[in-house]
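Structural features, examined
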Amino acid sequence: QVQLVESGGGLVQAGGSLRLSCVASGRAFSSYAMAWFRQAPGKEREFVASIDWRGVSTLYADFVKGRFTISRDNAKNTVYLQMNSLKPEDTAVYYCAVGGTYPKTARGGYDYWGQGTQVTVSS
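Keep in mind that what you see is a predicted model, and the values were worked out from it rather than measured.

**Re the overall build of the protein chain**
- In terms of regular secondary structure, the protein chain is built from zero helices and eleven strands.
- Starting at the N terminus and walking to the C terminus, you meet the elements of the protein chain as β-β-β-β-β-β-β-β-β-β-β.
- Over its C-alpha atoms the protein chain spans a radius of gyration of 13 Å, differing by no more than 12% from the 14 Å that the globule rule assigns to 123 residues.
- The principal-axis extent of the C-alpha atoms belonging to the protein chain is close to 40 × 25 × 25 Å.
- In the protein chain, buried positions account for 41% of the 123 residues.
- Nonlocal contacts in the protein chain, meaning residues at least 24 apart in sequence, comprise 59% of its contacts between residues at least 6 apart.

See below:
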């Protein structure tokens, strides 16, 4: 069993930055790929970014390329999402997920999910 706990969400003005963190426990965290997804009210949960087990290979949704950066610290069992140049349309609950070894966009490729952290970007 894996437990994931996200933090770092909050209210920020457009153009601002936030860094989300997700701490994993319960398994060999360093062996698995990690990802961030988000879900806005009334919308499907969508892929944001993913990183492989080594922290070398990453994958991003087109709408965050150049603005968001995913990284991980296996010594701390933590994955991060640095979000810059935030836009009101980035407002959503952000979830981290773990599964497999290589980055992928499909929700079904991840086995465990956190409870989410709210990010609100005001205009």
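So that's the structure; there's more coming.
**Points about the packing of aromatic side chains**
- In this structure the tally under the stated criterion is four aromatic pairs.
- Here the aromatic rings of Phe37 and Phe47 are separated by 5.6 Å at their centres, their planes lie at 80 degrees, and the arrangement is edge-to-face. Of the two residues, Phe37 sits in strand β4 (residues 34–39) while Phe47 sits in strand β5 (residues 46–51), which places them ten residues apart along the sequence.
- Note on Phe47: relative accessible area 10%, which makes it buried.
- Here Phe37 and Tyr110 contribute two aromatic rings whose centre-to-centre distance is 5.6 Å and whose plane-to-plane angle is 75 degrees, an arrangement assigned as edge-to-face. Taken as a pair, Phe37 in strand β4 and Tyr110 in the loop between β9 (92–98) and β10 (112–113) lie far apart in primary sequence, 73 residues in all.
- Cation over ring: Arg45 sits above Tyr95, and NZ or CZ is 3.6 Å from the ring centre.
- One cation-aromatic arrangement involves Arg72 over Phe29; the distance from NZ or CZ to the ring centre is 4.5 Å.

**Observations concerning the pairing of strand β8 (residues 78–83)**
- Of all six residues making up β8, five are buried, and the element is well covered by its neighbours.
- Sheet analysis places strand β3 (residues 18–25) next to β8, joined by six bridges and oriented antiparallel. By the bridge assignment, Leu18 is partnered in β8 with Met83.
- Judged from the six bridges that link them, strand β7 (residues 68–73) and β8 form a sheet pairing that is antiparallel. Following the sheet pairing, Ile70 is matched in β8 by Leu81.
- In this antiparallel pair of consecutive strands, β7 and β8, the connection spans four residues, and Asn77 shows a positive phi of 55 degrees.

Here is what the cut-offs are and how they apply
Residues numbered from 1 in each chain as written. Predicted model: local features only at pLDDT ≥ 70, side-chain atom pairs only at ≥ 80, totals over all residues. Heavy atoms only, no water. Helix = DSSP H or I, 4+ residues; strand = E, 2+ residues; numbered from the N terminus. Rg over C-alpha atoms; globule rule 2.2 N^0.38 Å. Buried < 20%, exposed > 50% of the residue type's maximum accessible area, 1.4 Å probe, protein only. Contact = heavy atoms within 4.5 Å. Phe/Tyr/Trp six-rings, centres within 6.5 Å; stacked < 30°, edge-to-face > 60°. Lys NZ or Arg CZ within 6 Å of the ring centre and 35° of its normal. Pairing = 2+ DSSP bridges.

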